[in-house]
Amino acid sequence: MATHAGNPNMELLIPMINQLQHIFTSVNAKLTLTLPQIAVVGAQSAGKRSVLENIVGRFINYADVRAEIENDTKAIVRDDMGVSSLPINLTIYSPHVVNLTLVDLPGMVKVPSLGQPADIVKKIDDIILEYISNENCLILAVTPANIDLVTSDALVMARSRDPMGKRTIGVLTKLDMMGKGHNARDVLLNKVVVLERGFIGVVLRGQRLDEYGRISKELDIPGALEHERQFFQNDPAYRDIADRLGVPYLQRTLSIQLTEHILKCLPDLQRELQSRHRDLAKEVAEYRASATFDTSTTSDTKALVGLTHELHETFDTALQGTHLKEADLKTLTGGARIANIFRERFPFELVKTELQDKDMRNQTIVAIKNIRGFRSGLFTPDEAFEYIVQMQISKFEDPVMKCIDMVVSELLSVIHETANKMKRYPLLRQVTEDLLTQYLRERDIATKQACSAYIQTQLSYINTNNEDFIGFAGQYFCFFSLKEKRTVIRKGFLRVHTGVKLFQAKDYFFVLSTDNLSWFTDLDA
């Protein structure tokens, strides 16, 4: 790294990040840290593997390394998975390689091949997006030079998370396979697809055709590098820019850019690490403060009983509203939110189902007419009243169910907050929350069934003798309080023609008793 020769500490940046990445992977830590890195993205046929092999260079037979990676992959990935997001750490020590860290992501595919899961395409895309969505990740987009660059899988994927091309480094492979009269000079000069970090062209060591059209043997690393150097020096399209092409230039560029990128991200990374260290130190202190380090069975039982008792008290406090904290002065919590549902939200939902007196009377009149059909009637049929009342009662079911859902939602929040008291024991916290949630779901179902049964009970029998069903209740009860001994034969609405105008009539509420017929109008009520 010639650009940083004056500062030996710069060479320690990449090993430092490597060590952090290795530690996080080893302990399977799900931290919020976004470490600087370079992710290699490309289709399976883009030459991504050959690029990595050439970057590693000569030290041992790369076939052994490849076999080691395949063995580790088989140990992690089941036959039905096809791919896994769990990383495999491979460290290569050699005086012939630059100080560099690369994340080799799975090669992109368009359709599953024989034996691969049906969702392999989505799985691979999700893994790639998980890495390149990290703003601290440089994207090495490997693309064959003999395809339309605009449709490159690697560049399209990179552009989805880096639309301005600030984090993407383009690598053009297969420059020697473009055919006579074709070259990628404009692409390499950043004139076709613009990337802030530019494009670098390489010639790989895969199988190629000789001058007679025969397949020549795959070159070793030194032979491939020499072939690449001669190709760029001898091709007129690349001769004047040959010093900015090839695998050696790619190695140096990636190492320098990764170092500079780490240096740029270092302040934020340091703050993140310090913040996370403080949080972990506080958590460790809580572990030490607890008296559960004794490994005896009796001590474990006591500790579990103590935690259960603490959980019960915390849950009870959340609902009862005792032990106020400063945060409780800003917003409603726990039981207060549930009480608010019954006092305000539930009545509001009920009001929306209420039918106005005028609307109910109009519906009743229409129902009576429809029941009578073309026949005229003297007395009001009970079916009209019962139907409208049942229709109104049935409307109460939706507000009741909505109220239950709101209460359950609040209780789930209380359970989650209460279970967080056990965060020192993640597995116990999760199991406890799952059990409480399961029990709440069971009670939720039982409560809805009970409320629904109650509403169905109210619908099964309508007590039309109730005073709420008499529109002129005041006059009606006044009438019967004076003549309690009279027996009511019939009551209801009666339409009487006044005779003043043709077809003009008025509705009266009548009560027919053993010795009297009384009727009332709206004006009497």
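One can find the structure itself at the top, above this paragraph.
Only a predicted model underlies this, so the values are computations on that prediction, with no experimental measurement involved.

Quick word on a nonpolar patch on the surface
A grouping of Ile69, Ile88 and Leu90 is seen on the molecular surface, where their side chains present a nonpolar patch of about 210 Å² in accessible area. The class for isoleucine 69 is partly exposed, based on a relative accessible area of 32%.

Notes on the sheet that holds strand E1 (residues 37-42)
Ordered by their spatial adjacency, 5 strands build an open sheet running E2-E1-E3-E4-E5, and the pairing between neighbours is parallel. The two strands at the open ends of the sheet, each matched to only one other strand, are strand E2 (102-104) and strand E5 (199-201). Averaged over neighbouring strand pairs, the angle between their axes works out to 25° when direction is ignored. Examined bridge by bridge, strand E4 (residues 168-173) and E5 share 3 bridges and lie parallel to one another. Considered in E5, the bridge of leucine 172 is made with glycine 201.

A word on the pairing of E1
Where burial is concerned, most of E1 is hidden: 6 out of the 6 residues are buried. With burial as the criterion, each face of E1 is covered, one bearing Gln37, Ala39 and Val41 and the other bearing Ile38, Val40 and Gly42. The pairing of E1 with E2 spans 3 bridges and is parallel. Paired with alanine 39 across the two strands is valine 103, which belongs to E2.

Considerations on unusual backbone geometry
Excluding glycine, most residues fall at negative phi; most peptide bonds, likewise, are trans. A positive phi angle, near 60°, is found at lysine 174, a position not held by glycine. Relative to the elements of secondary structure, lysine 174 occurs in the loop between E4 and helix H6 (185-188). Even without a glycine there, the phi angle at asparagine 190 is positive, about 65°. Positionally, asparagine 190 belongs in the loop between H6 and E5. According to the relative accessible area criterion, asparagine 190 is partly exposed, its value standing at 22%.

About the thresholds
Residues numbered from 1 in each chain as written. Predicted model: local features only at pLDDT ≥ 70, side-chain atom pairs only at ≥ 80, totals over all residues. Heavy atoms only, no water. Patch = residues over 30% accessible without salt bridge, like charges linked within 9 Å, V, L, I, M, F, W, Y side chains within 5 Å. Areas by Shrake-Rupley, 256 points an atom, 1.4 Å probe, with all protein chains shown as cover. Salt bridge = Lys/Arg side-chain N within 4 Å of Asp/Glu carboxyl O. Buried < 20%, exposed > 50% of the residue type's maximum accessible area, 1.4 Å probe, protein only. Pairing = 2+ DSSP bridges. Helix = DSSP H or I, 4+ residues; strand = E, 2+ residues; numbered from the N terminus. Axes fitted to C-alpha atoms, helices over the stretch in contact; angles between N-to-C directions.

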